[in-house]
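Topology and contacts: notes
The chain contents come next:
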Amino acid sequence: MYHFNIVENEKDLALAFSVRKIVFVEEQGVPEHLELDDLDSSSIHFLVKDQDQPIAAARLRKIEESIGKVERVCVLQPYRGKKLGLLIMQNIEEYAKELGLTKLKLNAQSYAIPFYEKLNYKVTSPEFLDAGIPHRAMEKII
């Protein structure tokens with residue numbers, strides 16, 4: 001059974017960061033200083049656990065009065081293909097609505113665009129590099 005949590009303590013924040021480090025730093029080669037940045041302190045963090053084991057994470061930032069930005073969505077390799085990305089995004093969208101947000105933006109790694117399109121996100125930019133990885137900006141009215 002998977003449990004989606006809004007991070008509310010330092011222990012869970014460290015667990016969310018550990019998932020992000022494995023996926024982005026170790027697997028994808030993103031420099032750690034770019035992955036764990038100064039925006040973490042102003043973000044709402046999310047963590048998915050399998051019992052007590054951290055297996056997925058993401059963060060949300062309010063960037064304008066009614067607009068949020070979803071970032072750092074990641075799932076550990078053994079748990080990919082189990083619809084955890086969908087679980088994360090659905091829960092983030094529900095939480096964003098509770099905050100009064102009406103639009104969400106994100107920068108999707110190009111290979112993940114079909115996943116976000118299935119969730120009704122629309123591409124809003126040409127491809128660009130972020131930490132050496134091709135991305136495209138996307139957004140959705142929620």
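Scroll up to find the structure this text is about.
How each quantity is defined
- Residues numbered from 1 in each chain as written.
- Predicted model: local features only at pLDDT ≥ 70, side-chain atom pairs only at ≥ 80, totals over all residues.
- Heavy atoms only, no water.
- Helix = DSSP H or I, 4+ residues; strand = E, 2+ residues; numbered from the N terminus.
- Rg over C-alpha atoms; globule rule 2.2 N^0.38 Å.
- Contact = heavy atoms within 4.5 Å.
- Phe/Tyr/Trp six-rings, centres within 6.5 Å; stacked < 30°, edge-to-face > 60°.
- Buried < 20%, exposed > 50% of the residue type's maximum accessible area, 1.4 Å probe, protein only.

Attention shifts here to the overall build of the protein chain. Across its full length, the protein chain holds 4 helices and 8 strands. In the protein chain, the succession of α and β elements from N to C terminus is β-α-α-β-β-β-α-β-α-β-β-β. Taking 142 residues into account, the globule formula puts the C-alpha radius of gyration at 14 Å, and the protein chain, at 14 Å, falls close to it. Principal-axis analysis of the C-alpha atoms gives the protein chain an extent of 35 × 35 × 30 Å. A sequence separation of at least 24 residues applies to 59% of the contacts in the protein chain between residues at least 6 apart.

On to the packing of aromatic side chains. With the rule as written, the count across this model stands at 5 aromatic pairs. Ring geometry for Phe4 against Phe46: centres 5.4 Å apart, planes inclined by 25°, an arrangement best described as stacked. Linking Phe4 in strand S1 (residues 2–6) with Phe46 in strand S2 (residues 44–50), this pair joins segments that are 42 residues apart in sequence. In this structure Phe46 comes out as buried when scored by relative accessible area, which is 1%.

Such coordinate-based values are descriptive only and should not be taken to indicate function.
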